[in-house]
Amino acid sequence: MNPMNLVNPVRLLVVTAVEAERDAVARGLGPTAAVGCGDLPGREMLRIGCATDTSTAPAPRTTPAPRTTPAPRTAAGPCTAPRQPLSTDLVAGGVGPAAAAAATDAALTVATVHGNPYHLVIAAGIAGGFAPIADVGSVVVADRVIAADLGCQTPDGFLSVDSLGFGASEHACAPHLSAAVARVLGAVHAPVLTVSTATGTAERAQDLRQRHGAAAEAMEGFGVAEAAAVHGVPLLELRTISNTVGPRDRAAWRIPDALAALRDAFGVLHNVLARGAPPPYT
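Residues numbered from 1 in each chain as written. Predicted model: local features only at pLDDT ≥ 70, side-chain atom pairs only at ≥ 80, totals over all residues. Heavy atoms only, no water.

Enquirer: A description of the overall build of the protein chain should follow, citing residues and the corresponding values.
Expert: A tally of regular secondary structure across the protein chain gives six helices and 14 strands. Counting contacts in the protein chain only where the partners sit at least 6 residues apart, residues at least 24 apart contribute 79% of the total. Accessible surface for the protein chain amounts to roughly 12600 Å². Of this, 57% is attributable to carbon and sulfur atoms. (Helix = DSSP H or I, 4+ residues; strand = E, 2+ residues; numbered from the N terminus. Contact = heavy atoms within 4.5 Å. Areas by Shrake-Rupley, 256 points an atom, 1.4 Å probe, with all protein chains shown as cover.)

Here it is as structure tokens:
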């Protein structure tokens, strides 16, 4: 008997905005093609299964089989620690924090109701980077997720929802895990902003960078984080940089390259989680 069949899998939920990001993640996760595992309201969910996971639907989707990625190296050479099985569900939850929160909460609720909760939620995709902290082509792993435009604009500047006394505008990612993942990936480990309106001016880019010390700007992470916090599930956010935050210059965007980097980052992340310390993640 395969000893892996005796081990419960580590359950991961990966939430992206769009299918192109979801499929890039799927290609990076391992040699097993993604299959349908039941649809959320208005969303299709895919699963990269493992030897112990028998709950996937039989009909495969059209997601291409992912490329295998070598095991991560340590100072002493390739990592040879025993592998633990992973079961990863992937959903393209839609653009913006509200859509991301709804999709994430639905997936977490379904898993809890069925007695099979997730161990980790990962917000993932491509993003704009704040130069010179995160240049085009780089990888960012968030230490914090910040809702950068959740609050009030005043003549004296921006007031966050925290300062207004109406809630929280940031969530911490799992500190030890996010630092370890950033180290293995050679990634920037810094705040990632969530905005509902993408930045399109140099002035706003400078304001956000100075106010938060952020590395990247995206549109979904805070919504994913809010849902994860409600369910008490640890969070990561991983972004690959396709463009510089500021004036829109579509000719300079490198979306295919950023999707390829996202695929490769998840290939490494898969090995980190499969060979690293088991949950709970901190």
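There is more to say, and it comes next.
Enquirer: Give a description of the environment of Ala-202 that names residues and reports values.
Expert: Turning to its location among the elements, Ala-202 is positioned in helix 4 (residues 202-212). Looking at Ala-202, the relative accessible area reads 41%, which means it is partly exposed. In this structure, the C-alpha to C-alpha distance between Ala-202 and Val-245, residues 43 residues apart in sequence, is 7.9 Å. (Buried < 20%, exposed > 50% of the residue type's maximum accessible area, 1.4 Å probe, protein only.)

Enquirer: Any chance you could break down a nonpolar patch on the surface for me, citing the residues and the numbers?
Expert: A cluster of nonpolar side chains, Leu-159, Leu-164 and Phe-166, forms an exposed patch at the surface whose accessible area comes to about 290 Å². Among the secondary structure elements, Leu-164 is positioned in the loop between strand 10 (157-160) and strand 11 (170-172). On the basis of relative accessibility, which here comes to 32%, the residue Leu-164 falls in the partly exposed class. (Patch = residues over 30% accessible without salt bridge, like charges linked within 9 Å, V, L, I, M, F, W, Y side chains within 5 Å. Salt bridge = Lys/Arg side-chain N within 4 Å of Asp/Glu carboxyl O.)

Enquirer: Describe the pattern of salt bridges, and please don't skip the residues or the numbers.
Expert: Applying the stated rule across the entire model yields ten salt bridges. Residue Arg-47 is joined to Asp-89 by a salt bridge in which the shortest nitrogen-to-oxygen separation is 2.4 Å. Of the two residues, Arg-47 sits in strand 3 (residues 45-48) while Asp-89 sits in strand 6 (residues 86-92), which places them 42 residues apart along the sequence. Asp-149 serves as the salt-bridge partner of Arg-204, at 3.8 Å between the closest nitrogen and oxygen. You can see Arg-204 sitting in helix 4 and its partner Asp-149 sitting in the loop between strand 8 (139-147) and strand 9 (151-154), a full 55 residues away along the chain. Accessibility expressed as a relative area gives 29% for Asp-149, which makes it partly exposed. Because the salt bridges share partners, they merge into one network encompassing Arg-11, Arg-47 and Asp-89.

Enquirer: Describe the packing of aromatic side chains, with residues and values.
Expert: Tallied over the full model, the rule gives zero aromatic pairs. Against the face of Tyr-118 rests Arg-11, its NZ or CZ located 4.3 Å from the ring centre. (Phe/Tyr/Trp six-rings, centres within 6.5 Å; stacked < 30°, edge-to-face > 60°. Lys NZ or Arg CZ within 6 Å of the ring centre and 35° of its normal.)

Enquirer: Please provide a residue-by-residue account of the environment of Gly-30, values included.
Expert: Counting through the fold element by element, Gly-30 comes out in the loop between helix 1 (19-29) and strand 2 (35-36). Exposure remark for Gly-30: the relative accessible area of 8% places this residue in the buried category.

Enquirer: Now, about unusual backbone geometry: what can you tell me, with residues and values included?
Expert: Glycine aside, residues mostly have negative phi angles, and peptide bonds mostly take the trans form. Cis geometry marks the peptide bond from Ala-131 to Pro-132; its omega dihedral reads 0°. Here Pro-132 lies in the loop between strand 7 (120-129) and strand 8. Cis peptide bonds are those with omega within 30 degrees of zero, and the linkage from Pro-279 to Pro-280 qualifies with 5°. In this structure, Pro-280 sits in the segment after helix 6 (255-275).

Enquirer: I'd like a rundown of the nonpolar core, residues and numbers included.
Expert: Proteins that are soluble and globular tend to have nonpolar side chains buried together. Ranked by size, the top nonpolar core spans 34 residues in total, and within it Val-25, Leu-120, Ile-122, Leu-177, Leu-238, Phe-266 and Leu-273 carry the most contacts. One finds Leu-40, Ala-134, Ala-147 and Leu-235 within the second-largest nonpolar core, a separate group that totals 33 residues. (Core = buried A, V, L, I, M, F, W, Y, C linked by side-chain atoms within 4.5 Å.)

Enquirer: Please give an account of the pairing of strand 1 (residues 10-16) that cites residues and values.
Expert: Counting buried residues along strand 1, seven of its seven residues qualify, which places the element largely inside the surrounding structure. The alternating pattern of strand 1 places Val-10, Leu-12, Val-14 and Thr-16 on one face and Arg-11, Leu-13 and Val-15 on the opposite face, and all of these are buried. Pairing of strand 1 with strand 7 involves four bridges; the strand directions are parallel. Its bridge partner lying in strand 7, Leu-13 is registered against Val-121. (Pairing = 2+ DSSP bridges.)

Enquirer: A description of the side chain of Thr-199 should follow, citing residues and the corresponding values.
Expert: Note on placement: Thr-199 falls in the loop between strand 12 (188-194) and helix 4. A residue is classified by how much of its surface remains accessible, and Thr-199, at 7% relative accessible area, is buried. At 2.5 Å, the side chain of Thr-199 and the side chain of Glu-217 are in polar contact. Not counting residues up to four positions away in its chain, the partners in contact with Thr-199 are Arg-204, Ala-205, Leu-208, Glu-217, Val-245 and Gly-246. (Polar contact = N/O pair within 3.5 Å; in protein donor to acceptor, adjacent residues only side chain to side chain.)

Enquirer: For helix 5 (residues 221-231), give the residues involved together with the corresponding values.
Expert: If you check which residues of helix 5 are buried, you get Gly-221, Phe-222, Gly-223, Val-224, Ala-225, Ala-227 and Ala-228. Backbone geometry just after helix 5 places Gly-232 at a positive phi near 70°.

Enquirer: Break down the environment of Ala-214 for me, citing the residues and quoting the values.
Expert: Following the sequence through the fold, Ala-214 ends up in the loop between helix 4 and strand 13 (216-218). Remark: the alpha-carbon pair of Ala-214 and Val-192, spanning 22 residues in sequence, is separated by 5.7 Å. Dropping the residues within four chain positions of it, Ala-214 is found in contact with Phe-130, Ile-133, Pro-191, Leu-193 and Arg-209.

Coordinates in, geometry out; function isn't part of it.
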